[in-house]
Amino acid sequence: MTASLKLPLRLSVSKGKDDDSLQSRIFQINSQKGAFRNITEASLREDIRSGKRQDGEDTRMAGVEDSEAEQPENQYEMIIKRREEMMQQLRRAQNDTLMSLDFISLLLSKVAPNTAKSTMSPTLQDAVPIGTLDARIMKYTAPTASDSRSAELVSRAYKLQGFSDVADKILGAASRLEDEAAKEQQYWDQILSIKRKGWAISKVPRDPRTLGVHFGFRDAAPFFRNRGFAALRRDADGGLRLDQGAVPSRPVAVQMSVLRNDRNCGSSAISRSHMATKEAIDEQILQARDTLYEEELFFELGREARSLANQGATMSSKQIKMPVDEQTQLQIDLINSDHHSSSNTAVGPDQQLADGIAITLRILLSHAHEQNLQRRSQPPPPMTLKSRPIPEYALLRPIIAHLQHRNHVKSLTIFLQTITQPLKSAGTRCDLQSTTSPLDTLMLVSSSSSSSSSSPSSTTLTPNAMLQTLTRPLTTTLTLHLPTPNHSLNLTISTNLNPPLLGTEYSFSPQTLTHPSSPSSTPLTLPSLCNLGEVEILVRRVLTIDLVEFIASHCTATAAAAVERRGKREEEEDPIAGMMGIEKRHEAGAGTSIEEERWAPLDPYEGALARGKERLYIRVWNDRLGMRYLKTVDADRYGKGRGRDMTAYLWDGSEKMEVGDVRGGKRRVERRSLSDIVKEAGEE
């Protein structure tokens, strides 16, 4: 059998003397028991008994480990491990020995440099010069009583100075804490003040310890909606300020100007909220909100102006121009309100117009935000791969449409009032009646609703309904009562600048006019027109045709009366011959009959009437009415000819009228009616 040799490889470690100091015992008790209140006599006895059992268990576990170590498969690993531990201890001891030798050699280098240099390591020679370290023996002297008192006084002074320094630091910390508490109270008071004024406050998403304020508009475009939130920072003195990234470098505002013939006739005023920045946090938030709103307004106006390029709109980085008519245009500027000074102090119509347009633009932008909210509240449309473009807001189009519509209605009304004055002076019935425009109806309804809001049955007009009326296409109807009874002409003016841009259109009803007195004449078709010049031509033509109809229908009764009076005159002169003459005329059909005494339309479109060989011509100008009477005419086969005796009548709306003859003579006479002149011509 092979004898096994067991070598003791475990190093014997001598346990040092336990530290029995009070501090170590207190630390041991706190770490083991937690606190002194948990230590009782019963717990200590239990610990003693458990300790004995634990020692027995440790002995048994050590025996088990030794038995496991004696197994052949674990002996080789244990030998390698013990060898590594032994080599580590030997290297540590060698290092300590060499360091001690270097220390002694460096110490002796002061006395015997050559001998000490031979025993010094090269590393020490390179790092420390020779003779650097020295040692000497000092004689111990016991301190005297005065030295003890001095040392005691010095130590006491150091303690007092330390206590004084600690007190100063505590007082300084208390003062700083008091100042910090006052600043913190001021900070939260301002936060509560902002909250009470209605501003929404929340945490900054990426900095939960910082609060921010929402001053923007949630239903604005994404770019401006994201800029409507800013962090609230605390200054060194405890005041609040907005984050530097949110506060605009300069406050801006949108200013509206009315230009007439390239001359500024009125500009909108800049509100006080757009003026220079102040130190109060409320002023900063208001300025940031107003500046953001003004920038969004000008941005949306620029987007809309690009779509109105076919209407003459031009724009640059800071200015937009939009023509209203040939002499008037609107100019919109994005100005710096800090350096703005209102030089135009006079309040005129153009100044009021500019202020009204500026207020309307801001109201329409808020209405667009409301429409965005309603659109987001509805179910979303089906998803597509293409991104849906954001449509332009209707801001300029309603205003331009109302201004153009008002100008067109005013121009047409002035024209109709001017053209009806000569007709009225000629004794014909020609009246103008206009219906209220949508904007006038809106004002009437809003005033009536505000006056009758106390009654329970009154219908309240909501702001959305008012703005919907403002953005709809505009329609106004003017009714022109023609001289012929029960004849009228309705002129409808429609203005629509919504896509597709149609502009202003003039339509008429009835669309056709027929003449019972002239069945052979063709009906008059009234098309839809696009400018006032064409409307003027058409109205003059319609008035000419209606005057022809009026004279033809009016002279039928007049001609019958003239025939009857002529017969009575012949009977008075010779009753028998008169009666025979009348009978002969009726029998032969060759006398003066009613058909021969009646004015018949010859060419209604040109205003021509005929009665036998007599002719009557009617002409209508914008401000005058003319009638020409030919008594004797040499007519050709087409019914046209030249009169040997002509009389011209001209009405211009004044108290006098002008009468001319074939020789070119003109004279001003008292005004007479058209029907009287036609009646006299029938009686001759």
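Residues numbered from 1 in each chain as written. Predicted model: local features only at pLDDT ≥ 70, side-chain atom pairs only at ≥ 80, totals over all residues. Heavy atoms only, no water.

*Asks:* I'm lost on the overall build of the chain in this one. Help?
*Replies:* On a plain count of helices and strands, the chain comes out with 16 helices and 24 strands. Classification of the 684 residues of the chain by burial places 32% in the buried group. A sequence separation of at least 24 residues applies to 56% of the contacts in the chain between residues at least 6 apart. For the chain, the exposed area adds up to about 44500 Å²; of that, 55% sits on carbon and sulfur atoms. (Helix = DSSP H or I, 4+ residues; strand = E, 2+ residues; numbered from the N terminus. Buried < 20%, exposed > 50% of the residue type's maximum accessible area, 1.4 Å probe, protein only. Contact = heavy atoms within 4.5 Å. Areas by Shrake-Rupley, 256 points an atom, 1.4 Å probe, with all protein chains shown as cover.)

*Asks:* It is not clear to me how the environment of Ser109 should be interpreted in this structure. Could you clarify?
*Replies:* With respect to the element layout, Ser109 can be found in the loop between helix H3 (72–108) and helix H4 (113–119). Its relative accessible area of 2% is what places Ser109 among the buried residues. Discounting chain neighbours no more than four positions away, the residues touching Ser109 are Ala116, Ile130 and Gly131. Within the structure, the side chain of Ser109 is placed 3.0 Å from the backbone nitrogen of Gly131, a separation counted as a polar contact. (Polar contact = N/O pair within 3.5 Å; in protein donor to acceptor, adjacent residues only side chain to side chain.)

*Asks:* How do you make sense of the pattern of salt bridges when you look at a structure like this?
*Replies:* Close approach of charged atoms allows side chains with opposite charge to pair. Scanning the entire structure with this criterion turns up 22 salt bridges. The residue Glu614 makes a salt bridge to Arg611 at a minimum N-O spacing of 2.9 Å. Using a relative accessible area of 15% as the deciding quantity, one classes Glu614 as buried. (Salt bridge = Lys/Arg side-chain N within 4 Å of Asp/Glu carboxyl O.)

*Asks:* Just to check I follow, could you spell out the side chain of Asp333 for this structure?
*Replies:* Relative to the elements of secondary structure, Asp333 occurs in strand E9 (residues 328–336). Buried within the structure, Asp333 lacks any salt-bridge partner; Lys321 is the closest side chain of opposite charge, at an N-O distance of 7.8 Å. Of note is the side chain of Asp333, whose polar atom sits 2.9 Å from the side chain of Gln319. Every residue in contact with Asp333, bar those within four places of it in the chain, is listed here: Ala253, Val254, Gln255, Ser257, Phe298, Lys318 and Gln319. (Lys, Arg positive; Asp, Glu negative; His and termini not counted.)

*Asks:* What is the right way to read the sheet that holds strand E2 (residues 207–214) from this model?
*Replies:* Strand order across the open sheet formed by four strands is E1-E2-E3-E4, with antiparallel pairing between neighbours. Each of the sheet's edge strands pairs with one partner strand only, and the pair in question is strand E1 (200–204) and strand E4 (240–242). Averaged over all adjacent pairs, the angle separating strand axes in this sheet is 40 degrees, with direction ignored. Strand direction decides the pairing type here: E1 and E2, joined by five bridges, are antiparallel. (Pairing = 2+ DSSP bridges. Axes fitted to C-alpha atoms, helices over the stretch in contact; angles between N-to-C directions.)

*Asks:* When you look at the packing of aromatic side chains in this model, what are you seeing that I'm missing?
*Replies:* Two aromatic rings, taken as a pair, are described by how far apart their centres are and by the angle between their planes. This structure, assessed with the given rule, holds six aromatic pairs. Aromatic side chains Trp599 and Tyr629 sit 6.1 Å apart centroid to centroid with 75 degrees between the ring planes, which places their arrangement in the edge-to-face category. Of the two residues, Trp599 is situated in the loop between helix H15 (594–597) and strand E16 (600–603) and Tyr629 in strand E19 (residues 625–630); the sequence distance between them amounts to 30 residues. Given a relative accessible area of 0%, Trp599 falls into the buried group. (Phe/Tyr/Trp six-rings, centres within 6.5 Å; stacked < 30°, edge-to-face > 60°.)

*Asks:* Before we go on, may I ask you to explain unusual backbone geometry in this structure?
*Replies:* Phi is mostly negative for residues that are not glycine, and the peptide bonds are mostly trans. Positioned with a positive phi, Asp262 is a non-glycine residue whose angle comes to about 60 degrees. As for its placement among the helices and strands, Asp262 is situated in the loop between strand E5 (252–260) and strand E6 (263–267). Judged by its relative accessible area of 68%, Asp262 is exposed. Even without glycine at this site, Asn486 takes up a positive phi of about 65 degrees. Among the secondary structure elements, Asn486 is positioned in the loop between strand E11 (474–481) and strand E12 (488–496). Residue Asn486 is classed as exposed on the basis of its relative accessible area, which comes to 79%.

*Asks:* What's the story with the sheet that holds E9 in this structure? I'm lost.
*Replies:* Paired through backbone hydrogen bonds, the strands of a sheet run either parallel or antiparallel to each other. The strand order E6-E5-E9-E8-E7 describes an open sheet built from five strands, whose pairing is antiparallel. What marks the edges here is a single partner per strand, and that holds for E6 and strand E7 (314–315). Most of the contacts of helix H9 (residues 349–377) go to E5, to which it runs at about 140 degrees, and overall it touches E5, E6 and E9. Sitting on the sheet, helix H10 (residues 396–425) touches strand E8 (319–323) and E9, and the angle it makes with E9 is about 145 degrees.

*Asks:* Please clarify how the side chain of Thr484 should be interpreted in this entry.
*Replies:* Mapped onto the secondary structure, Thr484 falls in the loop between E11 and E12. The buried category is assigned to Thr484, whose relative accessible area is 6%. With sequence-adjacent residues up to four places away left out, Thr484 is seen in contact with Arg429, Asp546, Glu549 and Phe550.

*Asks:* What exactly am I supposed to notice about the packing of helix H8 (residues 281–307) against H9 here?
*Replies:* Axes are the key here: two packed helices are described by the angle between their axes and the distance separating the axes. In the contact formed by H8 and H9, the axes pass within 11 Å of each other and the chain directions differ by 90 degrees. Of the possible angle classes, the one that applies to H8 and H9 is roughly perpendicular. On H9, the residues that touch Tyr293, Glu294, Glu296, Leu297, Glu300 and Leu301 of H8 are Leu361, Arg362, Leu365, Ser366 and His369. Tallied by class, residues from the contact of H8 with H9 come to five nonpolar, two polar and four charged. (Parallel < 35°, antiparallel > 145°, perpendicular 65-115°, else oblique. Nonpolar A, V, L, I, M, F, W, Y, C, P; charged D, E, K, R; others polar.)

*Asks:* Looking at this structure, I do not really get helix H6 (residues 145–196). What am I missing?
*Replies:* Structurally, the α-helix is built with 3.6 residues per turn, so residues lying three or four positions apart point the same way. With 52 residues, H6 should cover 76 Å at 1.5 Å per step; its first-to-last C-alpha distance of 75 Å lies within 8% of that length. Residues of H6 that are buried: Tyr187, Ile191 and Ile194. Those residues of H6 that are buried are in contact with E1, E2, strand E3 (229–234), E4 and H8. Directly beyond the C-terminal end of H6, a positive phi value near 100 degrees is found at Gly198. (Expected span 1.5 Å × (residues − 1).)

*Asks:* How should I be thinking about the pairing of E9 in this particular structure?
*Replies:* Along any regular strand the residues' side chains alternate between the sheet's two faces. With nine of its nine residues buried, E9 lies for the most part within the structure. The two faces of E9 match: Thr328, Leu330, Ile332, Leu334 and Asn336 on one face and Gln329, Gln331, Asp333 and Ile335 on the other face are all buried. Sheet analysis places E5 next to E9, joined by nine bridges and oriented antiparallel. Bridged to Leu259 within E9 is Gln329.

*Asks:* Explanation requested: a nonpolar patch on the surface in the structure shown.
*Replies:* Taken together, the side chains of Phe103, Ile104 and Leu108 define a hydrophobic patch exposed on the protein surface, amounting to about 290 Å² of accessible area. Here Ile104 is to be found in helix H3. (Patch = residues over 30% accessible without salt bridge, like charges linked within 9 Å, V, L, I, M, F, W, Y side chains within 5 Å.)

*Asks:* Just checking my understanding: could you explain the confidence of the model for the chain for this structure?
*Replies:* Summing up the model confidence of the chain, the mean pLDDT is 77 and the portion of residues at 70 or higher is 74%. By mean pLDDT, the top-scoring element of the chain is H6 (91), and the lowest-scoring one is helix H14 (residues 575–588) (41). Within the model, pLDDT remains below 50 along residues 573–592, and this stretch shows 15 contacts once partners closer than five positions in the same chain are excluded. (pLDDT = per-residue confidence, 0-100.)

*Asks:* Any chance you could explain the packing of H9 against helix H12 (residues 463–471) here in plain terms?
*Replies:* H12 packs onto H9 with a crossing angle of 110 degrees between their chain directions and a minimal axis gap of 11 Å. The orientation of H9 relative to H12 falls into the category roughly perpendicular. By crossing handedness, the relation of H9 to H12 is classed as left-handed. When H9 is examined against H12, the residues Thr360, Ile363, Leu364, His367, Glu370, Gln371 and Gln374 are found in contact with a partner set consisting of Asn464, Leu467, Gln468, Leu470 and Thr471. Counted by class, the contact of H9 with H12 contains four nonpolar, seven polar and one charged residues. (Left-handed = near helix turned anticlockwise from the far one by under 90°.)

*Asks:* For this particular structure, what's the right way to read the environment of Leu101?
*Replies:* Tracing the chain through its elements places Leu101 in helix H3. Judged by relative accessible area, which is 41%, Leu101 ranks as partly exposed. Remark: the alpha-carbon pair of Leu101 and Met120, spanning 19 residues in sequence, is separated by 7.5 Å.

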